[in-house]
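One-letter residues, chain by chain:
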Amino acid sequence: MTFRQVILCSGLAATIALAGCASPGGSIYVPSGDSPDYDEAPEPPRTSEPDRTVRKSEQPEAEPGPPPLSSPRYQEQGEALSPAATGLMREANTMLAQDNPRGAIAKLERAQRISPRSAEIYYKLSEAYVELDQLGTAEQFTLKGLSLAGSNTGLQRAGWMLLADIRRADGNTAGANQAEARAAAL
């Protein structure tokens, strides 16, 4: 194939492609009428059923009844640690005692993947982040642990006291006093 044939073939292919895009009988909306009025938009096509959006303020009030069931914010019981997670917690405690909080966090994150609903792991993660002086992260892990403590008052008390210590170290004495009051109420 010569250069001239390649040019002719590519020109022919481009012409065919453009002609296919500009076909007048396609799905392009063309307004009917003698003279098009370009000042107004054409009216959209009608469907058999009108589309009516019902606003919340227009809905009838629901009859009072029992509230819908939802999962409780705090679970009834905290999850027990699996043997593997217990071993990792032990290793993390040793690393924290050896002033290695980053290594402890690595072990605790593995334990968290094994027992993701265990408050003890979150509390220990919080303690490790306190050692790194990352008090915001430590507070968040403590709050997560509190949400998983369930009805175990010992775990709840430990979590509130830990939160009070973290907030006090961060300079939030009002928040620390609130956390201590929650711990004392248990």
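The preceding data block contains the structure.
Now for a look at the structure at hand. (Residues numbered from 1 in each chain as written. Predicted model: local features only at pLDDT ≥ 70, side-chain atom pairs only at ≥ 80, totals over all residues. Heavy atoms only, no water.)

### With respect to the overall build of the chain
Okay, so step 1: Along its length, the chain carries seven helices and zero strands.
Okay, so step 2: In sequence order, the chain lays out its α and β elements as α-α-α-α-α-α-α.
Okay, so step 3: Here the chain holds 186 residues, and 27% of them are scored as buried.
Okay, so step 4: In the chain, the proportion of contacts linking residues at least 24 apart, taken out of those at least 6 apart, comes to 53%.
Okay, so step 5: Accessible surface for the chain amounts to roughly 13,700 Å². Of this, 54% is attributable to carbon and sulfur atoms. (Helix = DSSP H or I, 4+ residues; strand = E, 2+ residues; numbered from the N terminus. Buried < 20%, exposed > 50% of the residue type's maximum accessible area, 1.4 Å probe, protein only. Contact = heavy atoms within 4.5 Å. Areas by Shrake-Rupley, 256 points an atom, 1.4 Å probe, with all protein chains shown as cover.)

### Let's talk about the pattern of salt bridges
Okay, so step 1: Summed over all chains, the structure comprises four salt bridges.
Okay, so step 2: Salt-bridge contacts for Glu91 lead to Lys107; the nearest nitrogen and oxygen are separated by 2.9 Å. You can see Glu91 sitting in helix 2 (residues 83-97) and its partner Lys107 sitting in helix 3 (residues 101-114), a full 16 residues away along the chain.
Okay, so step 3: Residue classification places Lys107 among the buried residues on the basis of a relative accessible area of 19%.
Okay, so step 4: Put simply, Lys124 and Glu127 hold a salt bridge, and the shortest N to O gap is 3.1 Å. (Salt bridge = Lys/Arg side-chain N within 4 Å of Asp/Glu carboxyl O.)

### What about the packing of aromatic side chains?
By convention here, two paired aromatic rings are described through the distance between centres and the angle between planes.
Okay, so step 1: Across all of its chains, the model carries two aromatic pairs by this definition.
Okay, so step 2: Considering the side-chain rings of Tyr129 and Phe141, the 5.5 Å spacing of their centres and the 10 degrees angle between planes classify their relative orientation as stacked. Residue Tyr129 is located in helix 4 (residues 119-131), and its partner Phe141 is located in helix 5 (residues 135-148); the two are separated by twelve residues in the primary sequence. The pair formed by Tyr129 and Phe141 is uniform in burial state, with each residue classed as buried.
Okay, so step 3: Among the aromatic residues, ring-to-ring pairing joins Tyr122, Tyr129 and Phe141 into one connected group. (Phe/Tyr/Trp six-rings, centres within 6.5 Å; stacked < 30°, edge-to-face > 60°.)

### With respect to helix 2
Residues lying three or four places apart along an α-helix face the same way, a consequence of the helix completing one turn every 3.6 residues.
Okay, so step 1: The terminal C-alpha atoms of helix 2, which comprises 15 residues, lie 21 Å apart, in line with the 21 Å expected from a rise of 1.5 Å per residue.
Okay, so step 2: Among the residues making up helix 2, those that are buried are Ala85, Gly87, Leu88, Met89, Ala92, Met95 and Leu96.
Okay, so step 3: Buried residues along helix 2 sit in contact with helix 3 and helix 4.
Okay, so step 4: Just downstream of helix 2 lies Asp99, where phi reads positive at about 60 degrees. (Expected span 1.5 Å × (residues − 1).)

### What about the packing of helix 6 (residues 153-169) against helix 7 (residues 173-184)?
Okay, so step 1: Across the interface, helix 6 lies against helix 7 with an axial gap of 8 Å and an inter-helix angle of 165 degrees. Between helix 6 and helix 7, the angle is such that the two are roughly antiparallel. Here the hand of the crossing between helix 6 and helix 7 comes out left-handed. The segment helix 6 lies against helix 7, with Arg157, Trp160, Met161, Leu163, Ala164, Arg167 and Arg168 engaging Gly175, Ala176, Asn177, Ala179, Glu180, Arg182 and Ala183. (Axes fitted to C-alpha atoms, helices over the stretch in contact; angles between N-to-C directions. Parallel < 35°, antiparallel > 145°, perpendicular 65-115°, else oblique. Left-handed = near helix turned anticlockwise from the far one by under 90°.)

Functional significance is not addressed by these values, which are geometric in nature.
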